[in-house]
Amino acid sequence: MAAVATVRRVETADSPLSARLAAGDDRALAEVVDRLGTAVHAVAVAVLRDAAAAQDVVQDVFVDLWCHPQRFDERLGILRTFLLMTARHRAADVVRSEQRRAVRELRSERLLPPRPDPSPGDLVAAAETGSEVRAAVRSLPQEQREAVELVYFGGLSYRDVAQTLDIPEGTAKSRVRLALSKLETRLDRRLLEHS
């Protein structure tokens, strides 16, 4: 007669907690986060070497626990081990995804033809265009100039401009639109499109 393998049930302090999670008790999730959040974050940081990316992994781990509490099987181990392993796997997935993205970008760059060196005439035209644009931007009212400089020269989003200048996002957008309208009237439309 063949022996039947069984998994011995492990009674832990997690049993009532996992039952509360399965029942949708949000206080149970808060207890788990308070008790294990730091350890989960430490595992994610150890894999990713980036605290911000690790925080995203921590959030994913706990959201997944909340949405799918049945994935934790207390017969196979304790909740701490389950969450730490989940964090390690998720962080490793992030690393692999980032590596694949970097390889794709490198491959794309290799497929692009090399850019030709600009001719002396192109360099002179670019310098003249830059001078005209800078002069036109300097002629804008200060609040419009600040917004345009942050968006186009600083590379900030409208939301970032709004936070930097401590104004509503809609105001930041309006200032940039007004500035662009004034620049368009001051600069040749062709010049504005090529700058």
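You'll find the structure just up there.
Read on for a plain summary of the structure.

Right, let's talk about the packing of aromatic side chains for a bit. What the rule picks out here adds up to one aromatic pair. Ring plane angle 50° and centroid distance 5.5 Å describe the contact between Phe72 and Phe82, whose orientation is recorded as tilted. One end of the pair, Phe72, is in the loop between helix 3 (51-67) and helix 4 (79-111); the other, Phe82, is in helix 4, and 10 residues separate them in sequence. The exposure class assigned to Phe72 is buried, which follows from its relative accessible area of 8%.

On to the nonpolar core. If you look at the biggest cluster of nonpolar residues, it comprises 23 residues, and the most contacted ones within it are Val32, Val40, Val57, Phe62, Leu65, Leu79 and Leu83. Secondary-structure elements contributing two or more residues to this core are helix 1 (14-22), helix 2 (26-48), helix 3 and helix 4. Residue contributions to this core peak at nine residues, all from helix 2. Not counting the four nearest positions on each side in its chain, Val57 is found in contact with Ala44, Leu48, Ala87, Arg90, Ala91 and Val94.

Before going further, it helps to spend a moment on the packing of helix 2 against helix 4. Between two packed helices, both the angle of their axes relative to each other and the distance between the axes serve to describe the pair. At a minimum axis separation of 9 Å, helix 2 and helix 4 run at an interaxial angle of 35°. As helix 2 packs across helix 4, the resulting crossing turns out to be right-handed. In contact with Val32, Leu36, Ala39, Val40, Val43, Ala44, Val47 and Leu48 of helix 2, helix 4 contributes Leu79, Arg80, Leu83, Leu84, Ala87, Arg88, Ala91, Ala92, Val94 and Val95.

Cut-offs applied
Residues numbered from 1 in each chain as written. Predicted model: local features only at pLDDT ≥ 70, side-chain atom pairs only at ≥ 80, totals over all residues. Heavy atoms only, no water. Phe/Tyr/Trp six-rings, centres within 6.5 Å; stacked < 30°, edge-to-face > 60°. Helix = DSSP H or I, 4+ residues; strand = E, 2+ residues; numbered from the N terminus. Buried < 20%, exposed > 50% of the residue type's maximum accessible area, 1.4 Å probe, protein only. Core = buried A, V, L, I, M, F, W, Y, C linked by side-chain atoms within 4.5 Å. Contact = heavy atoms within 4.5 Å. Axes fitted to C-alpha atoms, helices over the stretch in contact; angles between N-to-C directions. Left-handed = near helix turned anticlockwise from the far one by under 90°.

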